[in-house]
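An overview of the molecular structure
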Amino acid sequence: VIVHLIMAWHTGMIFYWFTMDHIHWFRYSGKPDQNDEYQHFHPVISINYHYMFMLLAYPVAMSEAMMVPRLYHVMFGLSEPNTRNAQTGWQVWGFLLLISGIIFIHEQKEANEDAYLYSPHGWDGVFTVGLSFVWVMWSIMLWTLGTSNRFARRSLPWFNMWGLMTYTVAIH
């Protein structure tokens, strides 16, 4: 319950944040000229929908996907096949949000002619998308194979560890 309340607050704050259009720092930030003698700042968009989609992908959708087995199956008594469907659905939804965030950052970088991987944030994002792709594809494979498959049962601990590693990098 507490995690869901935090997610609801988090999601509400994201949407509230994007209504603050009247605050100039929200839309624009300084970008210095390449001339070292005279620094002149050009207004460029600094915040875009990239952040909203990324913050909905991991702190909301992927967090819910990680809680599904314990919450839906153990606490609410949902059947195991339905729990697997819910977990895979949340992961796919989170990955689609992640891809949407990547599309928005691509549009912003192209519009401002900025470099893609000039900061650790950019590299962390690329690493997160790569890890997430493997995690979601693995989830779909486990969902397809089902719980009676020997490989699926044996790979589950590795899948869980991969998920924790991906989640840690994403939240970073």
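Before reading further, recall that the structure is shown in the block above.
The paragraphs below set out a description of the structure included in this document. (Residues numbered from 1 in each chain as written. Predicted model: local features only at pLDDT ≥ 70, side-chain atom pairs only at ≥ 80, totals over all residues. Heavy atoms only, no water.)

What follows is about the overall build of the protein chain. Secondary structure summary: the protein chain contains 6 helices and 2 strands in total. For the protein chain, the α and β elements follow one another from N to C terminus as α-α-β-β-α-α-α-α. Relative to its full complement of 172 residues, the protein chain shows a buried share of 35%. If you take every contact in the protein chain between residues at least 6 apart in sequence, the share linking residues at least 24 apart comes to 63%. Here the protein chain has roughly 11,200 Å² of accessible surface; of this, 69% comes from carbon and sulfur atoms. (Helix = DSSP H or I, 4+ residues; strand = E, 2+ residues; numbered from the N terminus. Buried < 20%, exposed > 50% of the residue type's maximum accessible area, 1.4 Å probe, protein only. Contact = heavy atoms within 4.5 Å. Areas by Shrake-Rupley, 256 points an atom, 1.4 Å probe, with all protein chains shown as cover.)

Counting residues in each nonpolar core, the largest one holds 22 residues, and the members touching the most others are M52, L56, Y58, M62, L97 and L98. Secondary structure elements with two or more residues in this core: helix 1 (2-17), helix 3 (49-75), helix 4 (80-112), helix 5 (120-145) and helix 6 (150-171). Element by element, the count of residues in this core is highest for helix 3, at 9 residues. With sequence-adjacent residues up to four places away left out, L97 is seen in contact with F53, L56, A57 and A61. (Core = buried A, V, L, I, M, F, W, Y, C linked by side-chain atoms within 4.5 Å.)

Right, let's talk about the side chain of Q91 for a bit. Mapped onto the secondary structure, Q91 falls in helix 4. If we ignore the near neighbours within four places in the chain, the residues touching Q91 are M62, A65, W135, V136, S139 and F159.

Topologically, L98 is positioned in helix 4. For L98, the contacting residues outside a window of four places in its chain are M54, A57, Y58, V129 and S132.

A few words now on the side chain of E64. Counting through the fold element by element, E64 comes out in helix 3. Buried and unpaired, E64 has R70 as its nearest opposite-charge partner, separated by 13 Å. Look past the residues within four positions of E64 in its chain and what remains in contact with it is H4, M7, L71, Y72 and W90. (Lys, Arg positive; Asp, Glu negative; His and termini not counted. Salt bridge = Lys/Arg side-chain N within 4 Å of Asp/Glu carboxyl O.)

The next point concerns the packing of aromatic side chains. In total, this model carries 7 aromatic pairs according to the counting rule given. One aromatic cluster in this structure is built from W135, W138, F159 and W162. (Phe/Tyr/Trp six-rings, centres within 6.5 Å; stacked < 30°, edge-to-face > 60°.)

Right, let's talk about helix 5 for a bit. Along its 26 residues, helix 5 runs 37 Å from first to last C-alpha, staying within 8% of the 38 Å computed at 1.5 Å per residue. Those residues of helix 5 lying buried are G122, D124, T128, V129, L131, S132, W135, V136, W138, S139 and L142. Following helix 5 by one or two positions, G146 adopts a phi angle in the positive range, close to 85 degrees. (Expected span 1.5 Å × (residues − 1).)

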